[in-house]
Amino acid sequence: MFKKKTTMVAVVAMITLLTVIAGCGGGGGKRITGLSPDGVVKTFVNAAKAGKLNEAGLYVSPTSASDPKAIAEFISGDDLKELKKSNVAAVKVVAQSGDYAAVVVTLQQENTFNVTVKPVGLERIKGEWYIVAFDQIYQNAKYNVLGQLLRGI
């Protein structure tokens, strides 16, 4: 009888612990809402630079969400190691049409004069902006307007 009670208490304690962990953001953090397109890009880059790819993934559109690392690598021009050594020099919205925006991000590599300038496409979903992977922009007909905005840069 005592063994059964101890096992039951242990199971309940484990379930409670897992519930608390899951409820406290164990899944990668919370998305900051209400950001402008350039704010989304800055937040994404800062999270990716800090190695928080799950958090960075919160700013990637559902159609592109399978690989936030690939988007971080595209923005940095090389890989995450380079992104970690770079600072965001500027982020500017250069075009916007309806639920699509084109942003240019300028990164400067620390302790050098090396600068990388990359266009980034975003879409607005339910009032929030999300980064769209480049391959999705040019493969998915839904992003035709976004592709036109980026070609105009």
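**Q** So what's going on with the pairing of strand β1 (residues 86-97)? Which residues, and what values?
**A** Sheet topology places β1 next to strand β2 (residues 100-109); 10 bridges connect them, and they run antiparallel. What sits directly across from Val 88, in β2, is Leu 107. Hairpin remark: β1 followed by β2, antiparallel, with two residues in the connecting loop; positive phi at Gly 98, about 60°.

**Q** Give a detailed account of the sheet that holds β2, specifying residues and quantitative values.
**A** Spatially, four strands are ordered β1-β2-β3-β4 in an open sheet, and the strand pairing comes out antiparallel. In the strand order of this sheet, the two ends are held by β1 and β4 (128-132), each with one partner. Strand-to-strand twist across the sheet, computed as the mean angle between neighbouring axes with direction ignored, equals 30°. Here helix α2 (residues 37-49) sits on the sheet in contact with β1, β2, β3 (115-125) and β4, set at roughly 150° to β1. In the packing of helix α7 (residues 144-151) onto the sheet, the strands contacted are β1, β2, β3 and β4, and the crossing angle to β2 comes to about 45°.

**Q** Got a sec to walk through the pattern of salt bridges? Specific residues and values, please.
**A** Applying the stated criterion to the full structure yields three salt bridges. Here Arg 31 ties to Glu 128 by a salt bridge, and the two come within 3.6 Å at their closest N and O atoms. Of the two residues, Arg 31 is situated in the loop between α1 (2-23) and α2 and Glu 128 in strand β4; the sequence distance between them amounts to 97 residues. A salt bridge links Glu 110 to Lys 49; the shortest N-O distance between them is 3.8 Å. Here the residue Glu 110 occupies a position in the loop between β2 and β3, and Lys 49 occupies one in helix α2, the gap between them amounting to 61 residues.

**Q** Tell me what's going on with α2, and back it up with residues and numbers.
**A** The end-to-end C-alpha distance of α2, which contains 13 residues, comes to 18 Å, matching closely the 18 Å that a straight helix rising 1.5 Å per residue would cover. Of all the 13 residues making up α2, 10 are buried; the element is thus mostly covered by neighbouring parts of the structure. Looking at α2, one finds that the buried residues are Pro 37, Asp 38, Gly 39, Val 40, Val 41, Thr 43, Phe 44, Val 45, Ala 47 and Ala 48. Positive phi shows up at Gly 51, right after α2, with a value of about 80°.

Cut-offs applied
- Residues numbered from 1 in each chain as written.
- Predicted model: local features only at pLDDT ≥ 70, side-chain atom pairs only at ≥ 80, totals over all residues.
- Heavy atoms only, no water.
- Pairing = 2+ DSSP bridges.
- Helix = DSSP H or I, 4+ residues; strand = E, 2+ residues; numbered from the N terminus.
- Axes fitted to C-alpha atoms, helices over the stretch in contact; angles between N-to-C directions.
- Contact = heavy atoms within 4.5 Å.
- Salt bridge = Lys/Arg side-chain N within 4 Å of Asp/Glu carboxyl O.
- Expected span 1.5 Å × (residues − 1).
- Buried < 20%, exposed > 50% of the residue type's maximum accessible area, 1.4 Å probe, protein only.

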